[in-house]
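So the chains spell out like this:
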Amino acid sequence: MLAACYYGARDIKVEDVEIPEISDDEILVQAYTIGICPTDVRYYLGLREESTYDNDKFTIGKSTYGLSGHEVSGKVVKIGKNVKGIKIGDFVVHETFVYCGECEYCKNGKINLCTNKKDIARGYSQYFKLPYRFAHVLSKDIDVDDAAFAEPLSVAIHAVKRLEKETDKVAIIGAGPMGILLAFAAKIREIEPALIEINEKRRDFAKSLGFQQVYNPGEGSFKEKINELTGVGFNGVICSVGGRDAIGLGIDIARSGGTIIIFGGTYPKDYLQLDPNSIHYSEKIITGSSDHTTKDIEEALDIINKKEIPFKKLVTKTFSLNEIKEAFESAISGKEMKVQIKIKRLI
């Protein structure tokens, strides 16, 4: 089969590798559609060497086949003898990682924080395998291309659920693909989103999707507009993008007692500079959001099934697997919204 393999920063080759053998508890999936995630971009650029996951994938050579591809949907072509509830021909998505079920976090339902989790994503390949119990079978009504949004939507849902229950308005810093998904996830939960984005093209794109509260933080009247909208600041802020400037802005526009969620990763590593007294006296809550739970994936699939989000409008560029380097560079350029790879369907 053909699969993308990693050889260093910006050095990816599509090579012929062996189709993976499956165990009795695994399934083999033919990849159909995969979206490029900021996490994938960081590995592509060589910015993120450490991982809580299966580190063999992030060395170099053919052992890295499929890279970190996880926003993937596909068709089951082979099943192990112990597999239950999944048959050949089913279309599936999967959870990004496997969790142990035994650690303190897993026992309390926080599988995303599992101390033993391992990444199982190798989606930039014609075929990939995974333990069947981490796969989710798609209903017949779900479009397989839309289904590739299940994982990114699930992490957006997870972040929105971390807001305080009384949150009525949420500021989302960054209106890229994940910022837009966060805005939709908030809207579905009846929380009014305000998108804050420096890029004019992305502001216009957000408005074209029906979002009315879209702001340019570089405008001189930005603070006045925020005060007019909120009175004393947002009671919820999600920093879709990382970096000290974006997070600092998020902290600044949150009201006293508000929650600031750091959603986007910061690479290369950086450090925040803030006056501890500004947190102490305002009782602002700064927290993070990482990965998803099984419930989040299920909620995402339900939203996709109900067609509550115009996913096809979010995809502004598609490539083939052989064009993967061009696809990554397109995603990095910031000129597109969601970039997807359509993998040649062999069966």
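This section reports on the structure supplied with the text. Computed from a predicted model, the values in this text were never measured in an experiment.

Quick notes on the packing of aromatic side chains
Point 1. Under the definition given, this model contains seven aromatic pairs.
Point 2. Centroid distance Phe 149 to Phe 311: 4.8 Å. Interplanar angle 35°. Geometry classified as tilted. Linking Phe 149 in the loop between helix H3 (144-147) and helix H4 (150-161) with Phe 311 in helix H11 (residues 311-314), this pair joins segments that are 162 residues apart in sequence.
Point 3. Judged by relative accessible area, Phe 311 falls into the buried class, the value being 2%.

Digging into the nonpolar core
Point 1. Residues Leu 153, Ile 180, Ile 238 and Leu 314 are the most contacted members of the largest nonpolar core, which totals 44 residues.
Point 2. Of all the secondary-structure elements, those providing two or more residues to this core are H4, strand E10 (169-173), helix H5 (177-188), helix H6 (200-208), helix H10 (294-305) and H11.
Point 3. Per element, the largest residue contribution to this core is eight residues, and it comes from H5.
Point 4. Sequence-distant contacts of Ile 180, defined by excluding residues within four places in its chain, comprise Ala 175, Leu 195, Ala 206, Leu 209, Phe 211, Leu 314 and Met 337.
Point 5. One finds Tyr 44, Val 72, Phe 97 and Tyr 99 within the second-largest nonpolar core, a separate group that totals 38 residues.

Regarding the pattern of salt bridges
Point 1. Per the stated rule, a full pass over the model turns up 17 salt bridges.
Point 2. Here Asp 270 and Arg 244 are joined by a salt bridge, their closest N and O atoms 2.9 Å apart. Separated by 26 residues along the polypeptide, Asp 270 in the loop between strand E14 (254-262) and helix H9 (276-280) and Arg 244 in helix H8 (residues 244-253) bring together distant segments of the chain.
Point 3. Judged by its relative accessible area of 35%, Arg 244 falls in the partly exposed class.
Point 4. One connected set of salt bridges, linked through shared partners, spans Lys 161, Arg 189, Asp 296 and Glu 299.

Thoughts on the environment of Ala 9
Point 1. By the element assignment, Ala 9 lies in the loop between strand E1 (2-6) and strand E2 (12-16).
Point 2. Here the alpha-carbon distance between Ala 9 and Tyr 44, two residues 35 residues apart in the chain, equals 5.6 Å.
Point 3. For Ala 9, the contacting residues outside a window of four places in its chain are Tyr 44, Leu 45 and Gly 46.

Here we look at the packing of H4 against H5
When two helices pack together, their arrangement is given by the angle between their axes and by how far apart the axes lie.
Point 1. H5 packs onto H4 with a crossing angle of 55° between their chain directions and a minimal axis gap of 9 Å. Here H4 lies oblique to H5, going by the angle between them. As for the relative orientation of H4 and H5, their crossing is right-handed in sense. Along its contact with H4, which presents Pro 152, Leu 153, Val 155, Ala 156, Ile 157, Ala 159 and Val 160, the element H5 presents Met 178, Leu 181, Leu 182, Ala 185 and Ala 186.

Calculation rules
- Residues numbered from 1 in each chain as written.
- Predicted model: local features only at pLDDT ≥ 70, side-chain atom pairs only at ≥ 80, totals over all residues.
- Heavy atoms only, no water.
- Phe/Tyr/Trp six-rings, centres within 6.5 Å; stacked < 30°, edge-to-face > 60°.
- Helix = DSSP H or I, 4+ residues; strand = E, 2+ residues; numbered from the N terminus.
- Buried < 20%, exposed > 50% of the residue type's maximum accessible area, 1.4 Å probe, protein only.
- Core = buried A, V, L, I, M, F, W, Y, C linked by side-chain atoms within 4.5 Å.
- Contact = heavy atoms within 4.5 Å.
- Salt bridge = Lys/Arg side-chain N within 4 Å of Asp/Glu carboxyl O.
- Axes fitted to C-alpha atoms, helices over the stretch in contact; angles between N-to-C directions.
- Parallel < 35°, antiparallel > 145°, perpendicular 65-115°, else oblique.
- Left-handed = near helix turned anticlockwise from the far one by under 90°.

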